[in-house]
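Architecture at a glance
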Amino acid sequence: IKQQAVEIDIDTDIKDYLKILDRLLEQNDIPGAVRVARNLLKENRYESASYVFEYLKEKVPSDEKYYYRVLSNLGYSLIGMTRYEEALTNLKKVIALRTPAKAGAWHFAALAFCYYKLGETEEYEKVMKDHLCCHEDFRHNMDSFLYLYPEWKEEIISCAIKYSPRKTNEK
């Protein structure tokens, strides 16, 4: 099954994707199923990715340890399709499942970007200030955020400057 998953091509018929995902799910390999589905997302095949992650959302129990990965990747797919409100719904669930303390910088970046695109300034600023810009992984992933959200470049750089921890000179 894992060999078939490795060999799957992005041009593979969606039905064949689902068959491989079903086989991975039968083996309780949810991370493997998510990795296979992410291939579509990585190739900017957002509609196909959204379809596949919706499928996984129905198949993976919501109390499963890796369920949040299904939701977050569904959210990223929806962002790619400019369906920000739907993405926001899934990303809020991810953060609720992970708790803000365990949610990743990627989750907060996607959440903030949705608020930004929807013009929800107050929520956007809160996520940027309270979660994304001070997240331990923010700076490490900044180049990826700049690549994924090019129209948001100035906001990301401003975030790094405005909310970064200040270093003090000790004498």
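Just above sits the structure.
The structure presented is a predicted model; accordingly, all values stated were derived computationally and were not measured. Think of each chain on its own: its residues are numbered from 1, step by step along the sequence as written. Local features are withheld for residues below a pLDDT of 70 in this predicted model, meaning they are given only at 70 or higher, and side-chain atom pairs are given and counted only at 80 or more; totals for whole chains, interfaces and linings count all residues. The basis for the side-chain values is all heavy atoms of the structure; hydrogens and waters are excluded.

Topic: the pattern of salt bridges
Pairs can form between side chains of opposite charge once their charged atoms are near each other. Inclusion rule: A pair is scored as a salt bridge if a Lys or Arg side-chain nitrogen falls within 4 Å of a carboxyl oxygen belonging to Asp or Glu. Runs of H or I in DSSP of at least four residues are treated as helices and runs of E of at least two as strands, each being numbered from the N terminus.
Counted by the stated rule, this structure contains five salt bridges. We note a salt bridge from D22 to K59, for which the minimum N-O separation is 4.0 Å. Taken together, the residues span a long stretch of sequence, with D22 in helix α2 (residues 14-26) and K59 in helix α4 (residues 46-59) at a distance of 37 residues.

A look at the side chain of E64
Threshold: In this analysis, two residues are considered to be in contact whenever any of their non-hydrogen atoms come within 4.5 Å of each other.
Summarising the element assignment, E64 is placed in the loop between α4 and α5 (67-80). Setting aside chain neighbours within four positions, we find E64 in contact with N28 and I30.

Overview of a nonpolar patch on the surface
Stated formally: Patches in this entry comprise residues that are over 30% relatively accessible and not in a salt bridge; like charges within 9 Å are linked, as are nonpolar side chains (Val, Leu, Ile, Met, Phe, Trp, Tyr) within 5 Å. Computed with a 1.4 Å probe, the accessible areas rest on the Shrake-Rupley method; for each residue, only the protein chains presented here act as cover.
On the surface, a cluster of nonpolar side chains totalling about 350 Å² of accessible area is made up of W106, Y147 and L148. Residue placement: W106 occurs in helix α7 (residues 105-118).

A short note on the nonpolar core
Quick reminder of the rule: Throughout, nonpolar core names a set of buried Ala, Val, Leu, Ile, Met, Phe, Trp, Tyr and Cys residues whose side chains join them through atoms within 4.5 Å. For every residue, the accessible area (1.4 Å probe, protein chains only) is compared with the maximum for its type, and the residue is labelled buried under 20%, exposed over 50%, or partly exposed between those bounds.
Counting residues in each nonpolar core, the largest one holds 56 residues, and the members touching the most others are I79, L132 and W152. Looking at this core element by element, the count peaks at nine residues for α7. Aside from chain neighbours lying at most four places away, what touches W152 is A109, A112, F113, Y116, Y124, M128 and L132.

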